[in-house]
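Structural features, examined
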Amino acid sequence: MWKQSFIETSRGRFEYFQKGNGEPLCVTHLYSEYNTNGNTFAQPFTDRYTVYLVNLKGCGNSVKAVHESEYRMSETVKDLEAIREALNIAKWGFAGHSTGGMLALMYGATAQESLTKIIGGGLCASAAYMDHPGSIYCKENPNNARIIEILRLLDSPTTPIEERRALNKEWFLMSIFDYEQYEEIINRPNSGKAVSPRLNYFSYQELKTYDVRPLLPSIQIPASIYCGLYDAQCPHVFSKEAADLMPNASMTTFERSNHNPFVEEEESFVQFVQSTVSN
C-alpha cells in the first residue's frame, strides 16, 4: 500500500501518496484521482525512486478549484512547483503517462530549473493526434463513434455502476495489444479514476490550442520518452516526434504494446525505468 499524506502549500492543500526509495520523482496524470492502491504506471518506479503520486487540484482530497481555468497545464505546473517547495525538495524528476506525459512536456518546457529529468510516454506534443486515423479519438477511426458514446455515458451521473465497469472494460480493451492480458492486468491493485471536470476542461477547452512543439528544443534536461508501437490513443509517431524535438531525449519503443506498456510488457518497462536512473 502507498502512504497517504497531505501538504499545505501556497496554492492550497494537496493529497499525495508516497512509496519507494531513491531520488525524488513526482508522478501524476492530468485528470486522474488516486488512493492508497497506488497506480500501475507509478508502481515500477518505486524500486528506484521515492515516488510522490499527486492528486491534482479537484482530485481526491486535494483542494478544489475556484475556476475551471485552474485545470490548465500551466496552472497545474505551478501547483506541482508549490508542492515541491513545500516538501523542501530542491529538484525532482517528473513522470507521466498519456496526458500525464503531455504535462511532463509542459513542466519541462516551463520549469526545467526545478527538474532533474522528465519521463513520459503515450503522449503528443500537440492536438494533432486527434486528426490521425490511428487514434480512437479521430473521426476517421472505426472505433471513434463508440468511444464518444462511452465517454458520454461515463460522464453521466445516471449511468449505473455495472454499466460503468463494462464501459471502462471496453475502453481499456481498445488500448491493449493482447486481449488475453486483460484479466491479469485488471486484477492488480490500482487507482486512477477519471475526474470529469478536469477531463472535460482538457477535452473541450485546453486541447483546442495545445501545442508545445515550439518549446521542446529549449528543454535541456534528460527526457526519457516511450511508447507502444500499436498505441491506439496517441499513436507512436507522436511520442517519437516529441523525442526528436528535445536535444537530450531518448526514445524507447515497446513492440508488443498498445497504450499501456508498463503492464503489457512489464519486464521490459522495468528495464526502461532502470535506464532513467541518474548515475
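As shown above, the structure is provided for reference.
The shown structure was predicted, so the numbers you read here are calculated from the model rather than taken from an experiment.

What follows deals with the sheet that holds strand β2 (residues 12-20). The strand order β1-β2-β5-β3-β6-β7-β9-β10 describes an open sheet built from eight strands, whose pairing is mixed. The strands lining the two open edges of the sheet, one partner per strand, are β1 (3-9) and β10 (249-254). In this sheet, adjacent strand axes meet at a mean angle of 25 degrees when their direction is disregarded. Judged from the five bridges that link them, strand β3 (residues 23-27) and strand β5 (residues 49-54) form a sheet pairing that is parallel. Looking across to β5, one finds that glutamate 23 is bridged to tyrosine 49. Contacts between helix α7 (residues 236-245) and the sheet are confined to β7 (115-121), β9 (223-228) and β10, with β10 contributing the most and set at about 160 degrees to the helix.

Looking now at the nonpolar core. In terms of nonpolar packing, the biggest core is built from 59 residues, with Leu80, Trp92, Met102, Leu105 and Tyr129 touching the most fellow members. Broken down by element, the residue count for this core peaks at eight residues, all from helix α2 (residues 99-111). Not counting the four nearest positions on each side in its chain, leucine 80 is found in contact with Cys26, Val54, Leu56, Trp92, Phe94, Leu103 and Tyr107. Among the nonpolar cores identified, the runner-up in size contains 21 residues, and Trp2, Phe41, Ile119 and Tyr226 belong to it.

Our focus in this paragraph is the pairing of β9. The buried count for β9 comes to six of six residues, which makes it a mostly enclosed element. Neither face of β9 is exposed, since Ala223, Ile225 and Cys227 on one face and Ser224, Tyr226 and Gly228 on the opposite face are all buried. Note: β7 against β9, four bridges, orientation parallel. When the bridges of β9 are listed, glycine 120 appears paired with isoleucine 225. Both β9 and β10 contribute to a ladder of six bridges, which runs parallel. The partner of tyrosine 226 across the bridge, within β10, is threonine 252. Handedness of the crossover is the feature at issue here: the chain leaves β9, passes through α7, returns alongside β10, and the resulting connection is right-handed.

Thresholds applied
- Residues numbered from 1 in each chain as written.
- Predicted model: local features only at pLDDT ≥ 70, side-chain atom pairs only at ≥ 80, totals over all residues.
- Heavy atoms only, no water.
- Pairing = 2+ DSSP bridges.
- Helix = DSSP H or I, 4+ residues; strand = E, 2+ residues; numbered from the N terminus.
- Axes fitted to C-alpha atoms, helices over the stretch in contact; angles between N-to-C directions.
- Contact = heavy atoms within 4.5 Å.
- Core = buried A, V, L, I, M, F, W, Y, C linked by side-chain atoms within 4.5 Å.
- Buried < 20%, exposed > 50% of the residue type's maximum accessible area, 1.4 Å probe, protein only.
- Right-handed = clockwise from strand over helix to strand, strands pointing away.

From the geometry alone we can't say anything about function, so treat these as descriptive.
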